[in-house]
Amino acid sequence: MPMMTRDVLLEMELEEDDEDGDIGNVPASKRPLMAPPTLPSSLVLENLEQTIVSGFGSLESQQDFRTPEFEEFNGKPDSLYFNDGQRRIDFVLVYEDESRKETNKKGSNEKQRRKRQAYESNLICDGLQLEATRSLVDDKLVFVKVHAPWEVLCTYAEIMHIKLPLKPNDLKTRSSAFDNFSWFTKVLQVDESIIKPEQEFFTAPFEKNRMNDFYIQDRDTFFNPATRSRIVYFILSRIMYQVRDNVKKFGINKLVSSGIYKAAFPLHDCNFSSPSEDLSCPNERYLLYREWAHPRSIYKKQPLDLIRKYYGEKIGIYFAWLGYYTQMLLLAAIVGVACFLYGYFTQNNCTWSKEVCDPDIGGQIIMCPQCDKECPFWSLNVTCESSKKLCIFDSFGTLVFAVFMGVWVTLFLEFWKRRQAELEYEWDTVELQQEEQARPEYEAQCTHVVINEITQEEERVPFTTWGKCIRVTLCASAVFFWILLIIASVIGIIVYRLSVFVIFSVNLRKISNGTDPIQKYVTPQMATSITASLISFIIIMILNTIYEKVAIMITNFELPRTQTDYENSLTMKMFLFQFVNYYSSCFYIAFFKGKFVGYPGDPVYWLGKYRNEECDPGGCLLELTTQLIIIMGGKAIWNNIQEVLLPWVMNVFGRCHTASGAEKITPRWEQDYHLQPMGKLGLFYEYLEMIIQFGFVTLFVASFPLAPLLALVNNILEIRVDAWKLTTQYRRMVPEKAQDIGAWQPIMQGIAILAVVTNAMIIAFTSDMIPRLVYYWSFSIPPYGDHPNYTMEGYINISLSIFNTADFKSRVKENPYAESKYDTCRYRDFRYPPGHQQEYKHNIYYWHVIAAKLAFIIVMEHIIYSVKFFISYAIPDVSRRTKSKIKREKYLTQKLLHENHLKDMTKNIGVIAEKMIGAVVDNNLRPKSD
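Residues numbered from 1 in each chain as written. Predicted model: local features only at pLDDT ≥ 70, side-chain atom pairs only at ≥ 80, totals over all residues. Heavy atoms only, no water.

**Observations regarding the sheet that holds strand β7 (residues 141-147)**
As a general point, the strands of a sheet are linked pairwise by backbone hydrogen bonds and lie either parallel or antiparallel. To keep it simple, the criterion reads: Paired strands are those between which DSSP finds at least two bridges. Per the convention used, a helix needs a DSSP run of H or I reaching at least four residues, while a strand needs a run of E reaching at least two, with both numbered from the N terminus. Any pair of residues with heavy atoms lying within 4.5 Å of one another is described as a contacting pair. Each axis is a line fitted through C-alpha atoms, taken for helices only over the stretch in contact, and angles between the N-to-C directions span 0 to 180 degrees.
Taken together, the 5 strands give an open sheet; going across it, the order is β4-β6-β7-β5-β12, and neighbouring strands pair in mixed fashion. Each edge of the open sheet carries a strand with a single partner, namely β4 (69-70) and β12 (263-265). Direction of pairing for β4 relative to strand β6 (residues 129-134): parallel, over a ladder of 2 bridges. From the neighbouring strand, Glu69 faces β6, where its bridge partner is Glu131. Each of β5 (91-96) and β7 touches helix α6 (residues 225-236); the most contacted strand, β5, lies at about 45 degrees to it.

Shown next as structure tokens:
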């Protein structure tokens, strides 16, 4: 008799084309037995005993397939139950009936049908109940509704260590820093008569043998819909459906990706635009749309508890973080606008800008050509408009704002940790890491046996230490290669800048002869900067799209153990790439452009061919601001197009495609099927978008004080747009647990530390604030200056060095400007004039400025870091109140379980004692026989 297996598995012939991927394919002899098939419930095991069939042989010999019953739609579009009205639909699987497909691939269709039948049979064997209904709009589609009965839910709740209610929590005392302003915040709160506060419970990991300890008033509501869907998805992800060449294949994800199923999703509870006609329906989707996603609720706080209840803790913690980040941005935006207004209203007092615009000063200063042959001499006052704009951003307010943002980011991170700890307690995720299960893809590859250092027992791992080192090395090499590719693209942009600047320098000045508006507003530097920024943005988006797929492939190859480990690994790879991709051009403009240019008689050439770029006479700060505006604005517009228009257009197209059956009343599962799938990494991209924005707001804020305001406006819309997407355009996601925001927290902390350095260096090296301060306090008065009082008059003259045009030389050792009518010209640097014994060497003013810049960086960094570390030390990550709540809940939970256990033991001992006493009495009363 052949060896029997517990599951219905298909032994299929070797095929050249395999619809499934290789992930999770492991020889059956090496593959570890996973938890779900070995259900501890004796009842389920007894049922499974009756459905054992051979794992070998042809399909025809397997007559014990258990298939779902087909039922007609009962005409209730809002129903969330099977046709009997008793069994709740916990999940829906959708497939296309092979017998009605238009394509005539009989062999392929038959293979898909056999896999699906084996999979559904094993679902039934594992205790799930299935009911199939054909689509009313497209008769090729079949919807398989999945219901998990009470016994299965209890079994898997114990396997997954799900925490469930023990008794109502009488310690719930929520506090807020805004309690003293309740009269004001009441307007912002969600109406509790519409969305009622959730009842809090003491919880503990579920155990079937302690079922009486749990707060079970109604079996139908003890497991809420989100928990039911999570349990069913856990089962669906681990059920086998095929064995081929002694290799087992399993999981709904592979079946969907290979096309055997079209979709798999839990149901929304009702329509978003109107409540359900079913009186038992809680209408949570409708309430979320009305009080959260609708534009009229844009000023209200988010109903986080309802979001968490409906979508799970992972979605809830994202919106909690995004909402808290947006609230903190309000303070940063107010200070940023104040600093911007300070610069705007004081720009008319900017002495150095007046000198640039003055025809008798800036108009008489002739600047040296900025390239070797084609570029002409030019007058300094052509940069008048850009110098006025620069006065707005390069002011004392910018310095104050940079220091403020260094403190603000620390306050934000520390207070978020406290808020996160409160959510962990309120949402019962304090000990989540003990609950998290290994990913099925990881479990499938566990073929190597090792000894656990702690338990000293054998356990299976997917690869040896040497194999892990090889994987890590290959993954790191792939990431490093793509980073080099980004650097290569940045080099390409620099080459574009150097090449195009010559063209703009010649052509714009030819066009601008006699045309003041063009000459005033479109300088060669500005034209080069804007076009280069646009091209850089396009390259960024293209590389971003390609690398997303590459990063997922690398992470899949790395094979992290849990879903949290998987997302953290992918997060680090994606952010490292995005950091270089988005910020490299900004770092180039801020810290490299115009810093290594030499002087007109001896310029520095890049790659031995291209003459290095120079900044405007006022510095590169305005160009950095332009770069930030283009990238931040372009990214926000592009993301909104992707997030709003794309799913909306896809859904409209889907409805038009099925318009022939639109007049029919369609059930809930069919309505949800025509929505867009969110994808397992959908939330990852939302985080990534916000963290990239966080980097722009903090890293380069010294050049653009309005960045927090733009981020604030974007985030207010982002929250409602994301809410609108989830409630109206996307299928309901499988609820997932999450304790915190994962790897994004240390990434933000790293950005916060780096932001102090970048902003200090922007003020020191990119702006002209330090040279102006040195001139004002040291070189405007004797012994270096001629003014009797401290003043900024004459700064332009001292900041521009003199060059003798007779000293020009080009790459061909000839003077291209030998016949020029100008004997001298000026250039941006601090060097001795021609004729000096150290001509063209850096002068004493240069060394004063360098010393002042270095001193400023050291002082600013030490002050801000000291304040940051003091704040981090003074503000604990978990408040004392939250710690007390966690300890007291743990104490009362243990006490409750212990007391209940003692009661059970006392009761059992009493029963045993009564039986023993009864037996003794019977023996005493029984007459003795002689």
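**Some remarks on the state of the cysteines**
As a reminder, the rule being used: Criterion for a disulfide: a pair of cysteine sulfur atoms within 2.5 Å.
Taken as a whole and judged by the stated rule, the model has 3 disulfides. Sulfur-sulfur distance for the disulfide between Cys350 and Cys391 comes to 2.3 Å. On the sign convention where negative is left-handed, the bridge of Cys350 and Cys391, at about -70 degrees about the S-S bond, is left-handed. You can see Cys350 sitting in the loop between α10 (313-345) and α11 (351-357) and its partner Cys391 sitting in helix α12 (residues 384-393), a full 41 residues away along the chain.

**Examining the nonpolar core**
Going by this rule: Take the buried residues of types Ala, Val, Leu, Ile, Met, Phe, Trp, Tyr and Cys, join any two whose side-chain atoms come within 4.5 Å, and each joined set is a nonpolar core. For each residue, the accessible area found with a 1.4 Å probe, counting protein chains only, is set against the maximum for its type, and the residue is called buried under 20%, exposed over 50%, and partly exposed in between.
Among the nonpolar cores identified, the biggest contains 148 residues, and Trp292, Trp321, Tyr325, Trp408, Phe412, Phe696 and Phe700 are the most heavily contacted of them. Considering each element in turn, this core owes the most residues, 16 residues, to α10. Here Tyr325 is in contact with Trp408, Phe412, Gln693, Phe694, Val697 and Asn715, once residues within four sequence places are set aside. The next biggest cluster of nonpolar side chains, apart from the first, holds 46 residues, and it includes Tyr119, Leu130, Ala148 and Ala204.

**Quick look at a nonpolar patch on the surface**
Here is the rule: Candidates for patches are residues over 30% relative accessible area with no salt bridge; among them, like charges are joined within 9 Å and nonpolar side chains (Val, Leu, Ile, Met, Phe, Trp, Tyr) within 5 Å. In this description, accessible areas are obtained by the Shrake-Rupley approach with a 1.4 Å probe, and a residue is regarded as covered only by the protein chains that are shown. Any Lys or Arg side-chain nitrogen located within 4 Å of an Asp or Glu carboxyl oxygen qualifies as a salt bridge.
Where nonpolar side chains cluster on the molecular surface, the patch consists of Val187, Ile298, Tyr299, Leu709, Val713, Ile716 and Leu717 and spans about 580 Å² of accessible area. Following the sequence through the fold, Val187 ends up in the loop between α4 (182-185) and β9 (201-205).

**Re unusual backbone geometry**
Along the chain, Pro782 connects to Pro783 via a cis peptide bond; the corresponding omega equals 10 degrees. As for its position among the elements, Pro783 is in the loop between α24 (769-779) and α25 (795-799). The phi torsion at Asn283 lies on the positive side, around 55 degrees, for a residue other than glycine. Following the sequence through the fold, Asn283 ends up in the loop between β12 and α8 (284-293).

Shape is all these values report; function is a separate question.
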